[in-house]
Amino acid sequence: MRAPNPTVLVVGATGRFAGLVVPELVRRNATVRAFIRDPASAEKARRLGASEVVTGNLRDPQSLENAVEDVDGVFHIGPAFAPDEAAMGVGMVETAARAGVRKFVFSSVIQPTNTRLKNHASKVPVEDALYSTNMEYTILHPANFMQNIAAAWPSVVRDGVFSEPFPKTAKLARVDYRDVAEVAAIALTEARLSYATLELCAGMHSREEIASMMSEELGRSISAGEPTFGEWAANARLPYDDRQLQLLAKVHDHYAKYGLGGNSLTLRCALGREPRSLRSFIRELALQSAQIA
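Residues numbered from 1 in each chain as written. Predicted model: local features only at pLDDT ≥ 70, side-chain atom pairs only at ≥ 80, totals over all residues. Heavy atoms only, no water.

As annotated in an unreviewed UniProt entry, the protein chain carries the name Epimerase and comes from Mesorhizobium delmotii.

Peer 1: Even after reading the chapter, I still don't get helix 7 (residues 147–159), so can you show me in this structure?
Peer 2: An α-helical turn contains 3.6 residues, so any two residues separated by three or four positions project in the same direction. Helix length check: helix 7, at 13 residues, gives a terminal C-alpha distance of 19 Å against a target of 18 Å (1.5 Å per residue), a fit within 8%. The principal kink in helix 7, of about 45°, is found at W153, preceding the proline P154 by one to four residues. With its phi angle positive at about 70°, G160 sits one or two positions after the end of helix 7. (Helix = DSSP H or I, 4+ residues; strand = E, 2+ residues; numbered from the N terminus. Expected span 1.5 Å × (residues − 1). Bend = angle between axes of the 7 residues up to and from the residue.)

Peer 1: Where do I start with the sheet that holds strand 9 (residues 171–175) in this structure?
Peer 2: One open sheet holds the 3 strands; their spatial order is 7-9-11, and the pairing between them is mixed. Unpaired on one side and paired on the other, strand 7 (144–145) and strand 11 (203–206) mark the two borders of the sheet. Here strand 9 runs beside strand 11; their pairing, made up of 4 bridges, is antiparallel. Within strand 11, the position partnered with K171 by the bridge is S206. Sheet contacts for helix 9 (residues 207–218): strand 9 and strand 11; angle to strand 11, the most-contacted strand, approximately 90°. (Pairing = 2+ DSSP bridges. Contact = heavy atoms within 4.5 Å. Axes fitted to C-alpha atoms, helices over the stretch in contact; angles between N-to-C directions.)

Peer 1: Please explain the sheet that holds strand 10 (residues 197–200) as it appears in this structure.
Peer 2: In sheet architecture, strand pairing relies on hydrogen bonds along the backbone and comes in two forms, parallel and antiparallel. Taken in spatial order, the 7 strands line up as 3-2-1-4-5-6-10 in an open sheet, and their pairing is parallel. Whereas interior strands pair on both sides, the edge strands pair on one side only; in this sheet they are strand 3 (52–55) and strand 10. Neighbouring strand axes in the sheet, compared pairwise and without regard to direction, differ in orientation by 20° on average. In terms of strand pairing, strand 1 (residues 7–11) meets strand 2 (residues 31–36) through 5 bridges, oriented parallel. The residue of strand 2 that forms the bridge with T7 is T31.

Peer 1: Explain the UniProt feature "domain: NmrA-like" (unreviewed entry) in the protein chain here, please?
Peer 2: When the UniProt feature table is mapped to this numbering, "domain: NmrA-like" (unreviewed entry) covers residues 6–223. From the first C-alpha to the last, residues 6–223 spans 47 Å; its make-up is 41% helix and 23% strand. (UniProt positions renumbered as here; feature names shortened; annotations may be inferred.)

Peer 1: Which parts of the structure should I look at to understand unusual backbone geometry?
Peer 2: Most peptide bonds are trans, and most residues other than glycine sit at a negative phi. With a phi angle near 65°, N29 is a residue other than glycine that sits in the positive phi range. In this fold, N29 is placed in the loop between helix 1 (18–27) and strand 2. Positive phi outside glycine occurs at D70, with the angle close to 65°. If you trace the backbone, D70 turns up in the loop between helix 3 (61–68) and strand 4 (73–76). Judged by relative accessible area, D70 falls into the exposed class, the value being 64%. (Buried < 20%, exposed > 50% of the residue type's maximum accessible area, 1.4 Å probe, protein only.)

Peer 1: I keep staring at the pairing of strand 4 and nothing clicks. Help me out?
Peer 2: Looking along a regular strand, one sees the side chains alternate between the two faces of the sheet. Taking every second residue as pointing to the same face, both faces of strand 4 are buried, with G73 and F75 on one and V74 and H76 on the other. When strand 4 meets strand 5 (residues 103–107), the two strands line up parallel, connected through 4 bridges. The partner of F75 across the bridge, within strand 5, is V105. As for the winding sense of the linkage, the β-α-β connection from strand 4 through helix 4 (residues 85–98) to strand 5 is right-handed. (Right-handed = clockwise from strand over helix to strand, strands pointing away.)

Peer 1: Would you take a moment to explain the pattern of salt bridges for this structure?
Peer 2: Side-chain pairing between opposite charges can occur once the charged atoms of the two side chains come close. Evaluated as defined, the whole model comprises 21 salt bridges. The salt bridge partner of R276 is D179, with a shortest N-O separation of 2.6 Å. Note that R276 is positioned in the loop between helix 12 (265–271) and helix 13 (278–292) and D179 in helix 8 (residues 177–189), a separation of 97 residues in sequence. On the basis of relative accessible area, R276 is assigned to the partly exposed category, the value being 25%. Residue class for D179 comes out buried when judged on its relative accessible area of 0%. In this structure, R273 and E182 form a salt bridge, with 2.7 Å as the shortest nitrogen-oxygen distance. Note that R273 is positioned in the loop between helix 12 and helix 13 and E182 in helix 8, a separation of 91 residues in sequence. By relative accessible area, which is 29% here, R273 ends up partly exposed. Through salt bridges with shared partners, a single ionic network connects E24, R27, R28, D179, E182, R273 and R276. (Salt bridge = Lys/Arg side-chain N within 4 Å of Asp/Glu carboxyl O.)

This is how it looks when you write it as C-alpha cells:
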C-alpha cells in the first residue's frame, strides 16, 4: 500500500548519501523537505528534487521543531564520527515523535551492537529511542558503502593500485548506497517495511577480488595495496580531526582481524530484485573513466 504524496524531511539532503534518497522519494511522488546546515546548499537540494528547504542544526532543538512541522516522515542519517552523533539522533527521534510524525527511517550501520566500534555503538541509543515511540520506524543496517571505492577511484586509475589499510585477503560486506536509498524511499512511502530492521548487504569481497574486477573492467593490471593506516589516511585527505581518525583506525583494525560479515538476503527481499553488485559498480566507474578519456 502506497501513501499518497507524503511530505518527507531528509536530514543532510545534499550529502553524499542522503542526497541519493531525495530523487528516490521524488520518484515515488513524495514531497521532499531538505534539512541542511549551509544555506548555500539550498540550490543543490532543489536540483536533487527537494520542493522545500529548511536550514538548521541538529544540535539546535528549535531547528528540529521547525524542520519536522507538518511532515509525514523523516529520513535520518547522522554525521559520521561526530562525538555527539547519538545525542543528535535521539533529539531528532524525540522531536519527530512529539510532532506526530508518522514514519521514521534511520540509516544506522551493519552490526550496531558491535560496541567495540564507537561509530557502531553510537547508533544504538537512536535505535533504542525509536522503540519507545508510536512512529512506524524502519531501521537500516547498511554494510560498507561501495561509494567509498568511488572516492578512491581517481588514484586507482592513476596509480594502478587499490589500497585500504587492512589485509588484502580480508573480506568485507559492501552495499551500493543507491540501493539503501531505494529501500529508505520504499519504507517512507509504503507500509510493507514498517517496523523492520534490515541488514543491507550486496556481497562480501576481499581487496584481492576487487582488484581483479578492476583489472578486468579497465583492461589493465590493478594491484591490491596494503598501506599502513597513517599512509592511507594521508593520501585519502579525510576531513577528520585526530579523534575521528583514531576511531576510524579502530574500525580498520577490526576489519584486519575479523573482516565484516553480511548477507544479501534481506536487501534482495526489500528491493524485490537483485541488489547492485560490486562488479556492476566497478563497471560503471570504468565506463565513466573511458568517457572522460
